[in-house]
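What follows is each chain in one-letter form.
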Amino acid sequence: MTAPVVAPDEGVWTQVIGQPAVVAELRAAIADPTAMTHAWLFTGPPGSGRSVAARAFAAALQCPAGGDGTCHQCRTVLAGTHADVHVIVPEGLFIRVEEARDLVRVAGRAPSGGRWQVIIVEDADRMNEGAANAVLKMIEEPPPRTVVMLCAPSLHPDDISVTVRSRCRVIGLRTPTVDAIADVLIRRDAVDPALAAWSAGASGGHVGRARRLARDEEARLTRKAVLDVPLRLVSLAACLDAADDLLGAAKEETEAATGVRDAAETEALKASLGVGARGPGVAAGRGGAGQLKELERQQQRRATRIGRDSFDRALVDLAGLYRDALVRCSAPGETLPLNHPDRRADAEELGRRIGAEGALRRIEAILDCRRALEQNVKPQVALEALTVALRLPS
Ligand SMILES: [Zn+2]
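We now turn to the structure provided with this report.

About the cut-offs
- Residues numbered from 1 in each chain as written.
- Predicted model: local features only at pLDDT ≥ 70, side-chain atom pairs only at ≥ 80, totals over all residues.
- Heavy atoms only, no water.
- Helix = DSSP H or I, 4+ residues; strand = E, 2+ residues; numbered from the N terminus.
- Rg over C-alpha atoms; globule rule 2.2 N^0.38 Å.
- Buried < 20%, exposed > 50% of the residue type's maximum accessible area, 1.4 Å probe, protein only.
- Contact = heavy atoms within 4.5 Å.
- Areas by Shrake-Rupley, 256 points an atom, 1.4 Å probe, with all protein chains shown as cover.
- Lys, Arg positive; Asp, Glu negative; His and termini not counted.
- Charge placed at Lys NZ, Arg CZ, Asp CG, Glu CD.
- Donors = N, O, S within 2.8 Å, 3.2 Å for Na, K, Ca; no water.
- Tetrahedral: all angles 85-135°; square planar, octahedral: opposite > 155°, others 65-115°.
- Salt bridge = Lys/Arg side-chain N within 4 Å of Asp/Glu carboxyl O.
- Patch = residues over 30% accessible without salt bridge, like charges linked within 9 Å, V, L, I, M, F, W, Y side chains within 5 Å.
- Pairing = 2+ DSSP bridges.
- Right-handed = clockwise from strand over helix to strand, strands pointing away.
- Disulfide = S-S within 2.5 Å.
- Core = buried A, V, L, I, M, F, W, Y, C linked by side-chain atoms within 4.5 Å.

A few points about the overall build of the chain
Item 1. Counting secondary structure elements, the chain contains 14 helices and five strands.
Item 2. For a compact globule of 394 residues, the expected C-alpha radius of gyration is about 21 Å, and the chain comes in at 23 Å, within 12% of that figure.
Item 3. Dimensions along the principal axes, computed over C-alpha positions, put the chain at roughly 70 × 60 × 40 Å.
Item 4. The buried share of the chain, reckoned over its 394 residues, is 45%.
Item 5. In the chain, once contacts between residues fewer than 6 apart in sequence are set aside, the share between residues at least 24 apart is 72%.
Item 6. Within the structure as shown, the chain displays about 19,200 Å² of accessible surface, and the carbon and sulfur contribution to it stands at 54%.
Item 7. Of the charged side chains in the chain, 50 are positive and 51 negative, and the gap between their average positions amounts to 3 Å.

Given below as structure tokens:
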């Protein structure tokens, strides 16, 4: 049995940037639904578009035309409102076992109107053991019309258990090229070509980051502030100042991302509990107070995650600059691609002052800081230790 298949440069596949091999493999699966694999693992470096590829695949599965991108099925899948496509995005640091159990329940149902019941788990590496076990049960005995797509970064392959991995068909995405990213910014987001080229070059192959840099002045300023750090670190005081700035930037970003949303959620919950009209605590009772507490906990988890992601981005940017310094001082004659092509002069200056050995040591310090943050070391402590380790020789 063969199904209609949309050309690789049309319909939903235009969303999947710079991944011809992946698109070919997914289109082949659409063409022969009788050979359907029920469990997929989309893996690739951050920003390579794992979840975008999974959503495009889900749309193509539901679409009677194989993913034309224009019909009701395609549009609702891509908009996240399709009744038979369920996406789980962990809000906290981990996917909780209750969330995973809900999914397993949904996966057991027949599709309501679509052709398949599709479950997409973003950041599947954030599943704890209980959640992973629940998902494993789901993919070991998949209902006939259910397709499960797990998305996880390839940086830490161990984060997905070998057992889960061995039950899945693995789709490996690559870092898209700078040209492919610039091209999509110009075509889809109508970004000016010069800005598109700059943003794509500065994004480290991360499509979402490139789009943010192209559209958001604030994101450009934050990146600049981070990349200005290495050459500022001339004294202990400057190091502590820089740590403070990095902390402040993450705090601001977290507040910008959560403030309005948290307040709206809290208001909505209070309204549904009848709090406010008769004064807090009167109508809410014990059950309502419990719900408000739970919401607060969820919001706290989300804020922690956004803060971590912000540190992570800063640390990746910093490591990229030291790596550029290493490249420039070890192989000055070669034109190896840089992580931050617009900061070549800084990389060269750094290379002169710290040498290849010093650059390597500093990259190691950045990785240590990342590990410390993952292990819940207080951010201020971890960042101060980092900036002191990055200090320039006098
Ligand atoms: Zn369609």
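With respect to the coordination of the zinc ion
Item 1. At this site the zinc ion is bound by C63 (SG), D68 (OD), C71 (SG) and C74 (SG), with donor distances of 2.2 to 2.3 Å.
Item 2. Taken together, the four donor atoms coordinating the zinc ion and their angles of 97 to 118° define a geometry best described as tetrahedral.
Item 3. Within one chain, the residues donating to the zinc ion are spaced in sequence as C-x4-D-x2-C-x2-C.
Item 4. A relative accessible area of 27% places D68 in the partly exposed class.

Considering the pattern of salt bridges
Item 1. Evaluated as defined, the whole model comprises 25 salt bridges.
Item 2. Note that R323 and D324 form a salt bridge whose closest N and O atoms lie 3.1 Å from each other.
Item 3. Of the charged contacts in the structure, one is a salt bridge between R353 and E349, with a shortest N-O distance of 3.3 Å. Here R353 pairs with E349, and both are found in helix 13 (residues 344–374), just four residues apart, close to one helical turn.
Item 4. By relative accessible area, which is 27% here, E349 ends up partly exposed.
Item 5. Because the salt bridges share partners, they merge into one network encompassing K224, D228, R343 and D346.

Side note on a negative patch on the surface
Item 1. Taken together, the side chains of D216, E218, E252 and E255 present a region of like negative charge at the surface.
Item 2. Mapped onto the fold, E218 is located in helix 10 (residues 217–232).
Item 3. A relative accessible area of 47% means that E218 is categorised as partly exposed.

As for the pairing of strand 3 (residues 117–121)
Every other side chain in a regular strand lies on the same face of the sheet, so the side chains alternate between the two faces.
Item 1. Burial analysis of strand 3 places five of its five residues in the buried class, the great majority of the element.
Item 2. Bridge count between strand 2 (residues 85–88) and strand 3: four bridges; the pairing is parallel. Residue H86 lies in a different strand from strand 3, and its bridge partner there is I119.
Item 3. As defined by bridge partners, strand 3 adjoins strand 4 (residues 146–153) across five bridges and the pair is classed as parallel. Bridge pairing in strand 4 links I120 to M149.
Item 4. Regarding the hand of the β-α-β motif, the stretch spanning strand 3, helix 5 (residues 129–140) and strand 4 is right-handed.

Remarks on the state of the cysteines
Item 1. Under the definition given, this model contains zero disulfides.
Item 2. Not part of a disulfide, C239 finds its nearest cysteine sulfur in C369, a span of 13 Å.
Item 3. A residue is classified by how much of its surface remains accessible, and C239, at 0% relative accessible area, is buried.

Here we look at the nonpolar core
Item 1. Ranked by internal contacts, the top residues of the largest apolar core, which has 34 residues, are L318, I366, L383 and L386.
Item 2. Elements supplying a minimum of two residues to this core: helix 10, helix 11 (236–273), helix 12 (285–330), helix 13 and helix 14 (379–390).
Item 3. Residue contributions to this core peak at 10 residues, all from helix 13.
Item 4. Not counting residues up to four positions away in its chain, the partners in contact with L383 are A243, L246, L247, F311 and C369.
Item 5. One finds M36, V85, V118 and I120 within the second-largest nonpolar core, a separate group that totals 33 residues.

Nothing here speaks to function; it is geometry throughout.
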